[in-house]
Amino acid sequence: MKTSDIGLVGLAVMGENLALNIESHGYTVSLYNRHGEVVTRFVEGRGKGKNFIPTYSIPEFVATISRPRKIILMIKAGAPVDEMIDKLVPYLSPGDIIIDGGNSDFHDTERRMYELESRGIWFVGTGISGGEEGALHGPSIMPGGSVKAWPEIKGILQDIAAKLEDGTPCCQWIGKGGAGHFVKMVHNGIEYGDMQLIAEAYALLKERLHLDNEQLHAVFDEWNKGELKSYLIEITADIMNFKDNRNNYLLDEILDVAGQKGTGKWSIMAALDENDPLTLITEAVYARMLSGLLEEREKASCMFLNEKEFADTGIDIESIGNALYAAKLVSYTQGFSLMRRASEHYQWHLDYGTIAQIWRKGCIIRSVFLGKITEAYTNEPGLENLLFNSFFRNKILSSLSAWRNVVADGVLSGVALPCMSSALSYFDGLRTLKSPANLIQAQRDYFGAHLYERIDKPRNEFFHTDWTGEGGNTTSRNYNA
Ligand code: 6PG
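Position labels on residues start from 1 in each chain and follow its written sequence. Reporting of local features is limited, given that this is a predicted model, to residues whose pLDDT is at least 70; pairs of side-chain atoms are given and counted only at 80 or more, and all residues count toward the totals for whole chains, interfaces and linings. Side-chain calculation: all heavy atoms of the structure are included, whereas hydrogens and water are not.

1. Things to note about unusual backbone geometry
Generally, phi is negative for residues other than glycine and the peptide bonds are trans, each holding for most cases.
Turning to step 1, where the next piece is worked out: Cis geometry marks the peptide bond from Arg 67 to Pro 68, where omega comes out at -10°.
Turning to step 2, where the next piece is worked out: Helix and strand assignments come from DSSP, with helices taken as H or I runs of at least 4 residues and strands as E runs of at least 2, each series counted from the N terminus. Its place among the elements puts Pro 68 in the loop between helix H3 (58–63) and strand S4 (70–73).
Turning to step 3, where the next piece is worked out: The backbone of Asn 275 shows a phi angle near 55°, a positive value even though the residue is not glycine.
Turning to step 4, where the next piece is worked out: One can find Asn 275 in the loop between helix H11 (263–273) and helix H12 (279–291).
Turning to step 5, where the next piece is worked out: Only protein chains enter the accessibility calculation, which uses a 1.4 Å probe; a residue is then buried when its area is under 20% of its type maximum, exposed when over 50%, and partly exposed in between. A residue is classified by how much of its surface remains accessible, and Asn 275, at 65% relative accessible area, is exposed.
Turning to step 6, where the next piece is worked out: Even without glycine at this site, His 349 takes up a positive phi of about 55°.
Turning to step 7, where the next piece is worked out: Along the chain, His 349 falls in the loop between helix H14 (317–346) and helix H15 (352–358).
Turning to step 8, where the next piece is worked out: Of the residues examined, His 349 reaches a relative accessible area of 68% and is grouped as exposed.

Following this line, the structure appears as structure tokens:
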């Protein structure tokens, strides 16, 4: 019987393209889809004449894959992954490997890895970024899970991944358990942040500088030649002057309600779990939610009309670009900070320079800027905050007055800039030596005997004051968030 190098389950767009990519690197791929006609259509269509083995039942599928079997799932995240694993496992042997290539919740990946390892099966949860085109021509791949699986799958995954100029594949082992899917989740959160920041720049350029679509195209095109050069800026330039078949700018015909599938929200939830202030991505997710309140927005826009054009604050294309860049620095700083805290929590030993490198090609957030992050972590592997790196520090300092001015302009003129402004608040909060949190501690102790630390005493020594003379000595030390 003819056998394959790898099996692939799920022939939706990403699955099809990934199968074609794997095959194009000289591998034979067994295919299975819960609807058999999808397999037939594919092998008679885009897959015709190529090294695919179409199969129509799970036992047949598993039997055609050479051992140790490698099976990649390109199916909807959530329950379908557990269901497919349950169907596959009875036919697998110890040492076989299941790879989940969807956008799964990292907690699920962590659980699945331990469950499957206890049955002798290796499990890998891998982030795959780059959309349809990336899947076909070379995505960015973030595998994590059973470390014993890595030597078996490394060759195939690195072959199909995007490559840097020097040939380095954008695919390296991320860590055990749910590490790969966690990193992909943060990638997506950063993607939300980048997209919202670009949208805010668009709002300012359009509403405050009154640029038309062709001028907007020119600005983004120009930005894509400099330090903002990235895939998202590049496609934004294309979108600005794209015309539909009625010769209208398509962008202006699209309803301003942003969708989301959940990875941005998961990033926020993970940040809350790690006590990490992921403010920019959080605002980006909320901005999508706010965009969805269409009817309320329509009412509010009538009730609170912007009655006049506000005074010119002197912002220009350059200062908007600077604000975009500075806020982006904060976003990546926060994303890497979240990964650092999670890595300590789960003991993943994440390598941040490598993660930035994997993101340099193939994925949605690919940019020249990620090269600077790799450099920062290569020079200082223990860097606790990206803003402490001299390149980032100097960039923030040189953009700061433009950034403040742009945010002020948005505030004064009523253009919502949730991400540019929250990034600035994070920055100001971070660089404030004496914050007003002493007052919060005083209030907590006043109303609930929650204790406070003193500036003249060592950390972790706690005090209570009977603020009213009626409080007694009982304190509430026993519960903490
Ligand atoms: C990628 C993307 C992809 C994501 C879409 C849509 O890396 O290729 O992140 O995984 O699903 O971008 O995400 P939303 O629907 O949540 O915007």
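That covers the picture; the talk isn't over yet.
2. What to know about the site of the ligand
Turning to step 1, where the next piece is worked out: Each residue is tested against the molecule or strand, and it is near if at least one of its non-hydrogen atoms lies within 4 Å. The ligand sits among 13 residues. The nearest are Asn 103, Ser 129, Lys 184, Glu 191 and Tyr 192.
Turning to step 2, where the next piece is worked out: Pairs of N or O atoms are called polar contacts if they sit within 3.5 Å, as long as, within protein, a hydrogen donor faces a hydrogen acceptor (for residues adjacent in sequence, only side-chain-to-side-chain pairs). Interatomic distance of 3.0 Å between a backbone N/O atom of Gly 130 and an oxygen atom of the ligand.
Turning to step 3, where the next piece is worked out: Interatomic distance of 2.9 Å between a backbone N/O atom of Lys 261 and an oxygen atom of the ligand.
Turning to step 4, where the next piece is worked out: Here the accessible surface of atoms and residues is derived via Shrake-Rupley with a 1.4 Å probe, and residues count as covered only by protein chains that are part of the display. Here the ligand, which alone exposes 420 Å², has 80% of that area covered by the protein.
Turning to step 5, where the next piece is worked out: The dominant element in the shell around the ligand, judged by the number of residues it contributes, is helix H8 (residues 179–207), at five residues.
Turning to step 6, where the next piece is worked out: Polarity classes work like this: nonpolar for Ala, Val, Leu, Ile, Met, Phe, Trp, Tyr, Cys and Pro, charged for Asp, Glu, Lys and Arg, and polar for all others, with Gly in that last group. For the shell around the ligand, the class distribution of residues is two nonpolar, seven polar and four charged.

3. Focus: the nonpolar core
Turning to step 1, where the next piece is worked out: Among buried residues, the Ala, Val, Leu, Ile, Met, Phe, Trp, Tyr and Cys ones that are joined through side-chain atoms within 4.5 Å form a nonpolar core. By size, the foremost hydrophobic cluster in this structure holds 87 residues, and its most contacted members are Trp 359, Trp 403 and Met 420.
Turning to step 2, where the next piece is worked out: Whether two residues are in contact is decided by their heavy atoms, any of which lying within 4.5 Å being enough. When sequence neighbours within four positions are dropped, the list of residues in contact with Met 420 reads Leu 197, Glu 200, Ala 201, Leu 204, Ile 320, Ala 323, Leu 324, Ala 327, Trp 403, Val 406 and Val 407.
Turning to step 3, where the next piece is worked out: By size, the runner-up hydrophobic cluster in this structure holds 33 residues, among which are Leu 11, Phe 42, Ala 135 and Cys 171.

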